[in-house]
Amino acid sequence: MRGSNGAPWDTWIEMTTTTGTVAEIRIAKRTGFCYGVREAIDKAKEARAAGKATHTLGQVVHNEGVVRDLHQLGIETVETLDDVDHGAAVVIRAHGVRPDVMERASARGLEVIDGTCTWVIQEQKELAKLVEEGYTIVLLGTPKHPEVVGLLGFAPDAIVVDEEEDWDRIPRRKKMALISQSTQPPWKFEKLAAYMVSRSHELKIVNTVCPVTIRRQEDTLETAREVDLMVVVGGRSSANTKELTRLCDIAGTKAVQIENVRDLTDDAVFAGAKVVGVTGGTSTPIEDLHAVAQRILELGGTPEARANAANLADAAFAAAATPAGRTTSLPSPATTPRALAS
Ligand code: SF4
């Protein structure tokens, strides 16, 4: 007995029960590391390439593949300056640190390589100015996030608020200022600004929401509107990744949030989806997105898509604005372990 495609009956049953529906992947226009993360990684690699004993203070990015690659290059992650030997180089990651951490590193005779993102440096300067001008400062941010911890070093009395239920802690003062952690969603910043209007006589608003974050949200929304399902790749606790997932929901497109390709094990997720979109947080490298795109096709693709998964994933990246393989801004990607292994 034969199935409708002429295949032997048992083969046909197998094909119809395991064949997926995904025929196309679309990658959000701009993905991969933001420039701040990329620069910090490059600075660490450059220091190591120059023969320096190099460490990063905290994980330069919360991504195990990247941390592993750096480890293979001889760049170690340390949690405290006490773990760094005198004379060695320590890279400050894009989130920045409190000024006293910088001072302590210099006092210990370490070579400080400042990978603080230029946008975060600007935030730090703005905060210091607001303190000098005597404002009561409200900082919209996630309380224990490293960027917020670093910012508080410039304005120790700033009131940190996050979700709306926190906001009634904001006192009424004559002279108040509002500023934001870089990756907070713009809608939340605007809502809080409106809320604060009634709590102060003079309100200064310094909009420090990072434009990269905003653009990524716009691109994700655009892609979400064109596809049947979105896969959002990024750290589980990453605020900017969670926001991308929330935006997909707002666009009315089901979204699955994963940390990496290993989380994709169930083809049922893709049932009925023909076009699947992929986006990622600012700490998610392009390589991870590429692996996810290929895996979606292998797991949930039509027979043709499964057979051509790698090529279709390549084509999806070619159509997006960020070139595949762009992990850092270093001129010679061939020196990265992943490139050397391929
Ligand atoms: S999200 Fe923006 S502010 Fe934060 S590190 Fe990236 S570029 Fe810099």
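So, how was this worked out
- Residues numbered from 1 in each chain as written.
- Predicted model: local features only at pLDDT ≥ 70, side-chain atom pairs only at ≥ 80, totals over all residues.
- Heavy atoms only, no water.
- Salt bridge = Lys/Arg side-chain N within 4 Å of Asp/Glu carboxyl O.
- Helix = DSSP H or I, 4+ residues; strand = E, 2+ residues; numbered from the N terminus.
- Buried < 20%, exposed > 50% of the residue type's maximum accessible area, 1.4 Å probe, protein only.
- Expected span 1.5 Å × (residues − 1).
- Arc of directions from axis to C-beta.
- Contact = heavy atoms within 4.5 Å.
- Pairing = 2+ DSSP bridges.
- Axes fitted to C-alpha atoms, helices over the stretch in contact; angles between N-to-C directions.
- Left-handed = near helix turned anticlockwise from the far one by under 90°.
- pLDDT = per-residue confidence, 0-100.
- Core = buried A, V, L, I, M, F, W, Y, C linked by side-chain atoms within 4.5 Å.

A short note on the pattern of salt bridges
No. 1: A full pass over the atoms with the stated rule returns 15 salt bridges.
No. 2: A salt bridge links Arg-104 to Asp-82, with the shortest nitrogen-to-oxygen separation between them at 3.7 Å. Of this pair, Arg-104 sits in helix H4 (residues 99-107) while Asp-82 sits in the loop between strand E3 (76-78) and strand E4 (89-92), and the two are 22 residues apart along the sequence.
No. 3: Since its relative accessible area comes to 40%, Arg-104 is described here as partly exposed.
No. 4: With relative accessibility at 52%, the residue Asp-82 sits in the exposed group.
No. 5: Note that Asp-100 is salt-bridged to Arg-98, the shortest N-O span being 2.9 Å.
No. 6: Each of the salt bridges in this network shares a partner with another, and the network as a whole consists of Glu-24, Arg-26 and Glu-226.

Some words on helix H7 (residues 186-197)
No. 1: The terminal C-alpha atoms of H7, which comprises 12 residues, lie 17 Å apart, in line with the 16 Å expected from a rise of 1.5 Å per residue.
No. 2: Looking only at H7, the buried set comprises Pro-186, Lys-188, Phe-189, Leu-192, Ala-193 and Met-196. End-on, the buried residues of H7 take up no more than an arc of 160°, which puts them together on one face. Summarising the geometry of H7, the exposed residues directed more than 90 degrees from the buried face are Glu-190, Ala-194 and Val-197.
No. 3: Among the structural elements, strand E6 (136-140), strand E7 (159-161), strand E8 (173-180), strand E9 (200-205) and helix H8 (211-226) are those in contact with the buried residues of H7.

Some remarks on the sheet that holds E9
No. 1: With parallel pairing, the four strands of this open sheet are ordered in space as E7-E6-E8-E9. At either end of the open sheet lies a strand with only one pairing partner, and these are E7 and E9. Recorded for the sheet is a direction-independent mean angle of 25° between the axes of neighbouring strands.
No. 2: In terms of strand pairing, E8 meets E9 through five bridges, oriented parallel.

A word on the packing of H8 against helix H9 (residues 239-250)
No. 1: Between H8 and H9, the shortest axis-to-axis distance is 9 Å and the interhelical angle comes to 30°. Judged by the sense of rotation from one axis to the other, the crossing of H8 with H9 is right-handed. Of the residues in H9, those in contact with Thr-213, Arg-216, Gln-217, Thr-220, Leu-221 and Ala-224 of H8 are Asn-240, Glu-243, Leu-244, Leu-247 and Cys-248.

A closer look at the confidence of the model for the protein
No. 1: Overall, the prediction assigns the protein a mean pLDDT of 89, with 89% of residues at 70 or greater.
No. 2: Within the model, pLDDT remains below 50 along residues 1-7, and this stretch shows 12 contacts once partners closer than five positions in the same chain are excluded.
No. 3: Low pLDDT, under 50, characterises residues 332-342; the stretch is placed with 14 contacts to residues that sit more than four places away or in other chains.

Examining the nonpolar core
No. 1: Judged by nonpolar contacts, the single largest core of 26 residues is most densely connected at Ile-25, Phe-270, Val-276 and Ile-296.
No. 2: Among the elements of the structure, strand E1 (24-27), strand E10 (229-233), strand E11 (254-258), strand E12 (275-280), helix H10 (286-300) and helix H12 (309-319) are those that each provide at least two residues to this core.
No. 3: No other element matches the seven residues that H10 contributes to this core.
No. 4: Dropping the residues within four chain positions of it, Ile-25 is found in contact with Val-276, Val-278, Ala-293, Ile-296, Leu-297 and Ala-316.
No. 5: Ala-40, Ala-47, Val-60 and Val-91 belong to the second largest nonpolar core, which has 20 residues in total.

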